[in-house]
Amino acid sequence: MDKEINYIEIEKKWQQKWAESNSHTPDFDNLDDKFYCLTMFSYPSGDKLHVGHWYNYGPVDTYARYKKMNGSNVFQPQGFDSFGLPAENYAIKHGVPPLESTKANIGKMKEQLQRIGAMFDWSNELNTSDQKYYRWTQWLFLELYKNGLAYQKTAPVNWCPSCATVLANEQVKDGFCDRCATQVTKRDLKQWFFKITDYAEELLVGLHDLDWPSKTKHMQKNWIGKSIGAEITFSIKDNDSNISVFTTRPDTIYGVTYMVLAPEHPLVEKLTTSGNSVNINNYIEISRKKSEIERSAIDKEKTGAFTGSYAINPFNGEERQIWISGYVLISYGSGAIMAVPSGDQRDFDFAQKFNLPITEVTSKDGTSEGGNECYSGYGVCLNSDSLNGLKSEDAITVVCEELKNRSIGGAKVQFKLHDWLISRQRYWGTPIPIVHCDNCGSVPVPENDLPIKLPTDIEFSSTYGDDISPLATSQTFLNTECPNCKKPAKRDPDTMDTFVCSSWYYLRYPNANISNQPFDKSLLSWLPVDLYVGGAEHATMHLLYARFITKALRDFGHLNFGEPFKKLIHQGTITKDGTKMSKSKGNTVSPDKFIDQYGSDTFRAYLMFMGPFEEGGDWNDKGITGISRFLSRVVKNCAKIDNKIEIDTSITKLINKTIKTVGEDLNQLKFNTAISKLMELSNVLAKIDHLNEFAVKSLILLLAPITPHLSEELWSRYFDKDVSVFDQKWPKFNSSLIIDDEFEIAVQVNGKLRGNFNIKLGTSKDKVLEMARNLDNVGKFLLNGILVKEIYIPNKIVNLVVK
Ligand SMILES: [Zn+2]
Ligand SMILES: [Zn+2]
């Protein structure tokens, strides 16, 4: 008789057994078949794990368990990305220090993560806000600094004048403070940058060989934004300044009819003549309040103001008006453009609005098309003096050469990618290990003095006044001596972007407890990560930063590889009634309620069954009962084990086929189709009174990666009390038993498909040809022509050649 399964009980029991036997720590000395399987770590919030967490961790664990049963030495670590704004905001609101709330949240979250029943190696857990970890984030900063990849520069921060505080980008909503709805302004501050742009080309080229989703590679490619073109220097009439521009179309130089600077361009003040200063200043004031996205929107009506100055075209000496406009961004290129309205729609719209001239310089074949519309494609030059008649591509070469010869520019490659601004005026982050000394300037903290610990004597407040950074309010933290000249000096009061913490964490996991190195150099053969799984929203931030840091550490001599994640997959999204789950919409599903009722095996199996893993699916409260019934049927099927009987050959064949196809599906992370094949098998087995060992064993083994606790329980009940089901080998199928015994034959007449029919295995060639000739749709061709040839590709195609 089958005993009822109490899911809650067996889950606790097996989780405890796994922990006691250390079964989720791999053998780090054994590199054969090592498999480093990583899911993106998460932020420990006070809330419970949501469906999205489960959907990231559950299915990936199923894959990891499948790999283990197939002989892989699997390492699946877990940790917490625990610095960041939420803990700090919580401190401001409730007075609980971030250290305390984070610790409590990690405790709660770990308990819930354990319910998933995943093969997480908790002996290598890491936590980015732990001193033992952030000491090495500081080391990373110093490595970048020593190698010229960390530098300071003045850059604007979001500033709320009413709250008297710096705001993170996510605290600014449509230009207003998220807390008090005051209009946010910009304030200039000296901040730290990492020079990711030094790696722009390599980051771009390296994408090619990565086994990553093509959409993600495409997003990184666009983000890096390589363009090939030229730099051109324009001199200015009655002024000793120059304007330097980048253009991808130097061949249109004769079509330049005005110039535009970004409102923030340093030359604006110098170029503004007295009669135009009121207009210009008003315009600058307005544009400061707009975001870059607003300003660069293509369909936005063009605005601008004339400075009163003129640039001189170096090719024909023409004097052209210099304007400022929000559609030119200071953050891209040099913050200035040469405007060619006949070849660029935005320039065209601007010229029309402000009555600026338009000169046609490119057409498809070099003859004028009237110049009433903008043509941005390549073609042949016209109205371009010595370039007339040249193809655009050739004219580009000619212009670039001339620019170089005259020392006023030349060919240039430009990237959209900016350096990575890592300074944060926040408390809950990694302190920047730099001391500012009046004598010596910025001095790195000696490595022996790390970690620079976060002070605890901070008053958490929503305003820090002119100090700007919370750390600056702690005198014990701020005041120190210069490591160089030993005179009194001040610590850098900023902390690092949390993306710095997560840019290198995967390197440390194989020995997360090592104290004298950032990562265990003797375990580098475990890297890079074999499979990385996480949300697609990280495409251009975390995933790009991790690639950059890996390449930098390789160049500093710490690593022998340059890409962190060999294969990447993004899990899909679980929706509710077709819409994204969100707290504000009130349509979230709490996993706990369902786990308490059905158990975590049922819950994770249902998530996997809902749809293709990379697409996700729609949650349905009733859907989980279907999975629950399926698992009950499996339990009943196992109880029918009886070794004295033999089962029907057709059942043996079905089991062999299921072994083959479920293995293929799991190997490609096609969990939903694997589960439906197991359902089909279980349904067939349910109709039989007695099952042999092969049937029951196969069912349990195939199900083990999907429902680990239940499978352990059934395995110990019917097979081996002492050895885990995950120490069993994945079942093998007998290929002679899964040859299909029915085939579909396609029938062609003169190469065109005219019909098809099924044959049994072993049908003779003569018989097949006879059946083909007898098809209704084929007979008429034979009546009207002469059959000259019959071709038969066994079990596939008949082709009749008729003349
Ligand atoms: Zn405010
Ligand atoms: Zn000094």
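For the structure itself, consult the block above.
Our subject in this report is the structure included herewith. (Residues numbered from 1 in each chain as written. Chains lettered and ligands numbered in written order. Predicted model: local features only at pLDDT ≥ 70, side-chain atom pairs only at ≥ 80, totals over all residues. Heavy atoms only, no water.)

Put simply, helix 3 (residues 85-94) and helix 4 (residues 98-115) touch, their axes get as near as 9 Å, and they point 120 degrees apart. As the angle between them shows, helix 3 and helix 4 are arranged oblique. For helix 3 against helix 4, the interelement crossing comes out right-handed. Across the interface between the two elements, Ala-87, Glu-88, Tyr-90 and Ala-91 from helix 3 touch Pro-98, Ser-101 and Thr-102 from helix 4. Per-class residue counts for the contact of helix 3 with helix 4 are four nonpolar, two polar and one charged. (Axes fitted to C-alpha atoms, helices over the stretch in contact; angles between N-to-C directions. Helix = DSSP H or I, 4+ residues; strand = E, 2+ residues; numbered from the N terminus. Parallel < 35°, antiparallel > 145°, perpendicular 65-115°, else oblique. Left-handed = near helix turned anticlockwise from the far one by under 90°. Contact = heavy atoms within 4.5 Å. Nonpolar A, V, L, I, M, F, W, Y, C, P; charged D, E, K, R; others polar.)

The subject of this paragraph is the packing of aromatic side chains. All told, the structure shown has 45 aromatic pairs when counted by the stated rule. Ring geometry for Tyr-133 versus Trp-504: centroids 4.5 Å apart, planes at 15 degrees, classification stacked. Here Trp-504 lies in the loop between helix 14 (498-501) and helix 15 (505-508) and Tyr-133 lies in helix 5 (residues 131-146), a separation of 371 residues in the sequence. With a relative accessible area of 2%, Tyr-133 lands in the buried category. A connected cluster of aromatic rings, assembled from ring pairs, spans Phe-141, Tyr-145, Trp-192, Phe-194, Tyr-199, Trp-420, Phe-499, Tyr-545 and Phe-548. In this arrangement the basic side chain of Arg-187 is found over the ring face of Trp-159, its NZ or CZ atom lying 4.2 Å from the centre. One Lys or Arg, Arg-491, reaches over the ring of Phe-477 and ends 5.9 Å from the middle of that ring. (Phe/Tyr/Trp six-rings, centres within 6.5 Å; stacked < 30°, edge-to-face > 60°. Buried < 20%, exposed > 50% of the residue type's maximum accessible area, 1.4 Å probe, protein only. Lys NZ or Arg CZ within 6 Å of the ring centre and 35° of its normal.)

Bound to the zinc ion (ligand 2) are the protein donor atoms Cys-437 (SG), Cys-440 (SG), Cys-482 (SG) and Cys-485 (SG), situated 2.2 to 2.3 Å from the metal. Each of the four donor atoms bound to the zinc ion (ligand 2) contributes to angles spanning 104 to 113 degrees, and the resulting shape is tetrahedral. One chain supplies every donor for the zinc ion (ligand 2), spaced along it as C-x2-C-x41-C-x2-C. One end of the pair, Cys-440, is in the loop between strand 21 (434-437) and strand 22 (441-444); the other, Cys-485, is in the loop between strand 23 (479-481) and strand 24 (488-491), and 45 residues separate them in sequence. Residue Cys-440 is classed as partly exposed on the basis of its relative accessible area of 28%. Here Cys-485 falls in the partly exposed class, since its relative accessible area comes to 27%. (Donors = N, O, S within 2.8 Å, 3.2 Å for Na, K, Ca; no water. Tetrahedral: all angles 85-135°; square planar, octahedral: opposite > 155°, others 65-115°.)

Moving on: the packing of helix 2 (residues 51-69) against helix 18 (residues 600-609). Running from N to C, helix 2 and helix 18 cross one another at 90 degrees; their axes reach a closest spacing of 9 Å. As far as their axial angle goes, helix 18 and helix 2 are roughly perpendicular. Contacts between helix 2 and helix 18 pair Val-51, Trp-54, Tyr-55, Gly-58, Pro-59, Asp-61, Thr-62 and Arg-65 from the former with Ser-600, Phe-603, Arg-604, Leu-607 and Met-608 from the latter. A breakdown of the residues in the contact of helix 2 with helix 18 according to their chemical character gives seven nonpolar, three polar and three charged.

The subject of this paragraph is helix 2. Compared with an ideal rise of 1.5 Å per residue, which puts 19 residues at 27 Å, helix 2 spans 27 Å between its outermost C-alpha atoms and is within 8% of the ideal. Most of helix 2 sits out of view: 17 of its 19 residues are buried. A positive backbone phi angle near 100 degrees is found at Gly-71, which sits one or two residues after helix 2. (Expected span 1.5 Å × (residues − 1).)

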